[in-house]
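Letter by letter, the chains look like this.
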Amino acid sequence: MSAVNISIALYFAACVFYFAGGIFKRPKIVRIASAILAGGIVSNMVAVAMRWYMAGRPPLSNMHESLVFIAFSIALVSLIVELKYEISAIGAFAALMALLALGYGSILDTAITPLLPALKSNWLIIHVTAYFIAYGALAVATIAAAIYLVMAWTHFSDREFLNSLDGLSFRLILFAFPFLTVGLTTGAVWANVAWGRYWGWDPKETWSLITWLIYALYLHLRSMRGWRGGQTAAVAVAGFVFVVFTFMGVNLLMGGLHSYK
Amino acid sequence: MRKMIRKTVRRLWETLASVEMAAVLFVLIIAAALAGVFTSYDVYHASWFAGLLAAFGINLFACTAQRISAGKVRIGSLLSHLGILVILAGVIVSAMLSERGQISISEGETLNAYSTGRRVNRMPFGIRLDDFNLEWKNQTPHEIEIVVRDARVRQSLDVDVGGIYDIASSGYSIEVMRFVPDLFVDSGMNVVSRSDNPGNPALLVRISRGDKVEARWLFARYPDFTMERDGNIGLAYKFGKSPGDFKSTVTIFDEGKGRLTGTIEVNHPLKYRGYSFYQANYDPASLQWTGLEVVRDPGVHVVFAGILLLNLGVVIMLYRRSVKS
């Protein structure tokens, strides 16, 4: 059984335990879920490391490899957030998201192929890693924002809990934004090295700029206009739609220079 | 009268510097960028889009200036906003001063001009191609994928014309008889090649198993056709090598002297006196020439300085926030 399959099984189990713990209000079951999630993260890390070793290059070059990495990133951010802020409602959905990413990744072409000439660069690691840290944090921020929206919509009254979700979502976006900026700008620097221009309105470039602008807008609405709660949560969720499209939709639907499948 | 002008100017300035203005511009730019993605209209090079970006720059400048004069600005925020302004300035420099074009250069040849597509620009020095080197991922341009149903074999082979290949544990052997780059059947029903270009690459193979021998044409353009024809063995032909690494070794001649010898490959441009040479293309047939992209863009340095400021700014912002909380 491959490390990827073990991670899939563990993320699935973690997801079930989180939901069970949440529904029956048993903190003990939630703790078991966290432990299982940690196991999933370890085996996910092993999967990334083994592939790195086997391919002899960073495993960040096609959809399969990216999804394995992003699943790791989401699960890790979720576990850190849970331990630090003691909000366990996030874990169930983060485990589910990691599970979906890995599950989809494992049905794609898993063959190890030599790197395209344009990808052979040290910029690959910094550009892609910055993005994946950002995407992991944004995924968890979006889960918090979405839970906020659903709870506010159903007139859930625990103000304190809602506020902590709102604050958490904001802090994660604040954390992700510098990484998003590093990812976007190192992309421009690398494009200048590889293609002789720092910006060319390639679909991936355009979508990632739009995504960056939306989160910049989020931060400004929050700090300059005092938006809070449902208003910013809606922007956060909308922003993540753009993240998903930038990450996957562009490759699958639009082509261009970044269409590594 | 003067009072009124002053009042109007102030009001205009306040509008320009407002967050509302920024939010509106954010939304407009996002909408325009989306329109560019989903329609065939070239939004990004339209003058109104440049105007939108300019308005964004002015708003950002006004905003930042106002906050500095109000003494409300923090260092991280200031650096990141200055960074964006510097990037926008660099983009303007690029748009006004950058030149780019292509050269196709053969081994041993020295060129001192490049084509932008519309005109030929001279360079203040010459560039000579000493050597072009290409490493292929596969050994030959002919790859056959073989499926044998009864032996449950699926295999890929790099083949050469004249070679005979045994298919592992299936009893089949395949002899590659002939290669035709641009197959065409003439009025006398003879197989001819229309040209030397790979318009319709085809391979004639002889498949034998025991005493059964069969000749078959494989077409790279119609791989499924040959896969379906036979019940037991299917062959799909892929023509063309995929390039691994390709590099051009060049020497720059300035004022009659060889000044610099270097190797250009993907991700490794060569720079000299403000010109950058990128590996862009090559002659796939004879490997006699290389295609280089020539770029002279003084805006790049400005943009990169802005990128540095922006990154520094956002990192400081994050750090200050995390220290505070």
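Calculation criteria
- Residues numbered from 1 in each chain as written.
- Chains lettered and ligands numbered in written order.
- Predicted model: local features only at pLDDT ≥ 70, side-chain atom pairs only at ≥ 80, totals over all residues.
- Helix = DSSP H or I, 4+ residues; strand = E, 2+ residues; numbered from the N terminus.
- Rg over C-alpha atoms; globule rule 2.2 N^0.38 Å.
- Buried ≥ 20, exposed ≤ 12 C-beta atoms within 10 Å, placed from the backbone.
- Contact = placed C-beta atoms within 7 Å.
- Pairing = 2+ DSSP bridges.
- Axes fitted to C-alpha atoms, helices over the stretch in contact; angles between N-to-C directions.
- Nonpolar A, V, L, I, M, F, W, Y, C, P; charged D, E, K, R; others polar.
- Expected span 1.5 Å × (residues − 1).
- Left-handed = near helix turned anticlockwise from the far one by under 90°.
- pLDDT = per-residue confidence, 0-100.

Visitor: Quick question: what am I supposed to make of the overall build of chain A here?
Guide: Across its full length, chain A carries 8 helices and 0 strands. For chain A, the C-alpha radius of gyration of 19 Å lies close to 18 Å, the compact-globule estimate for 261 residues. On the principal axes, the C-alpha backbone points of chain A span a range of 55 × 50 × 30 Å. Relative to its 261 residues, chain A shows a buried fraction of 49%.

Visitor: In this structure, what is going on with the overall build of chain B? I would like to understand it.
Guide: Counting secondary structure elements, chain B contains 6 helices and 17 strands. Each of the three principal axes of chain B carries a C-alpha extent, and together these read 105 × 55 × 50 Å. Scored against the burial criterion, the 325 residues of chain B give a buried share of 22%. Counting contacts in chain B only where the partners sit at least 6 residues apart, residues at least 24 apart contribute 49% of the total.

Visitor: It is not clear to me how the sheet that holds strand 12 (residues 233–239) of chain B should be interpreted in this structure. Could you clarify?
Guide: Across a sheet, paired strands are connected by hydrogen bonds in the backbone, their directions being either parallel or antiparallel. Residues and elements named next belong to chain B. Read from one edge of the open sheet, 3 strands run 5-4-12, paired in antiparallel fashion. Strands with a single pairing partner mark the edges of an open sheet, and in this sheet they are strand 5 (153–159) and strand 12. Each adjacent strand pair in this sheet contributes to an overall mean axis angle of 20°, direction not counted. Two elements, strand 4 (residues 142–148) and strand 5, share 7 bridges in a ladder whose sense is antiparallel. Residue pairing for strand 5: I144 is matched across the bridge by L157.

Visitor: Any chance you could explain the pairing of strand 4 of chain B here in plain terms?
Guide: For a regular strand, side-chain orientation follows a simple rule: the groups alternate between the two sheet faces. Residue and element names in this part refer to chain B. Only one face of strand 4 is covered, namely the one carrying H142, I144, I146 and V148; the face carrying E143, E145 and V147 has none of its residues buried. Following strand 4, the chain reverses through 4 residues before pairing antiparallel with strand 5; R152 in that reversal takes a positive phi of roughly 50°. Inspection of the sheet shows strand 4 paired to strand 12 by 7 bridges, in the antiparallel sense. Bridged to E143 within strand 12 is K238.

Visitor: Can you walk me through the interface of chain A and chain B in this structure?
Guide: When the parts of a complex come together, some accessible area is lost, and that lost area is often taken as the interface size. Contacts between the two partners involve 31 residues from chain A and, on the opposite side, 32 residues from chain B. Residue composition of the side of chain A that touches chain B, grouped by class: 22 nonpolar, 7 polar and 2 charged.

Visitor: Help me understand helix 1 (residues 2–16) of chain B in this model?
Guide: With 15 residues, helix 1 of chain B should reach 21 Å at 1.5 Å per residue; the first-to-last C-alpha distance of 21 Å fits that figure. Taken across its 15 residues, helix 1 of chain B has 0 buried, putting it largely on the surface.

Visitor: For this particular structure, what's the right way to read the packing of helix 3 (residues 47–69) of chain B against helix 4 (residues 75–97) of chain B?
Guide: Two quantities define a packed helix pair, namely the angle between the helix axes and the distance between the axes. Residue and element names in this part refer to chain B. One way to put it is that helix 3 packs onto helix 4 with a least axis distance of 10 Å and a crossing angle of 150°. Of the two possible hands of crossing, helix 3 and helix 4 adopt the one that is left-handed. Touching L53, G57, L60, F61 and T64 of helix 3 are L78, H81, L82, I84, L85 and L88, all from helix 4. Looking at the contact of helix 3 with helix 4, its residues break down into 8 nonpolar, 3 polar and no charged.

Visitor: It is not clear to me how the confidence of the model for chain B should be interpreted in this structure. Could you clarify?
Guide: Should the pLDDT be low somewhere, the predicted coordinates at that spot are not to be read in detail. Residue and element names in this part refer to chain B. For chain B, mean pLDDT is 86; residues scoring 70 or higher make up 93% of the total. The secondary structure element of chain B with the lowest average pLDDT is helix 5 (residues 223–229), at 56, and the one with the highest is helix 4, at 93. Taken together, the chains of this predicted complex give a pTM of 0.80 and an interface ipTM of 0.90.

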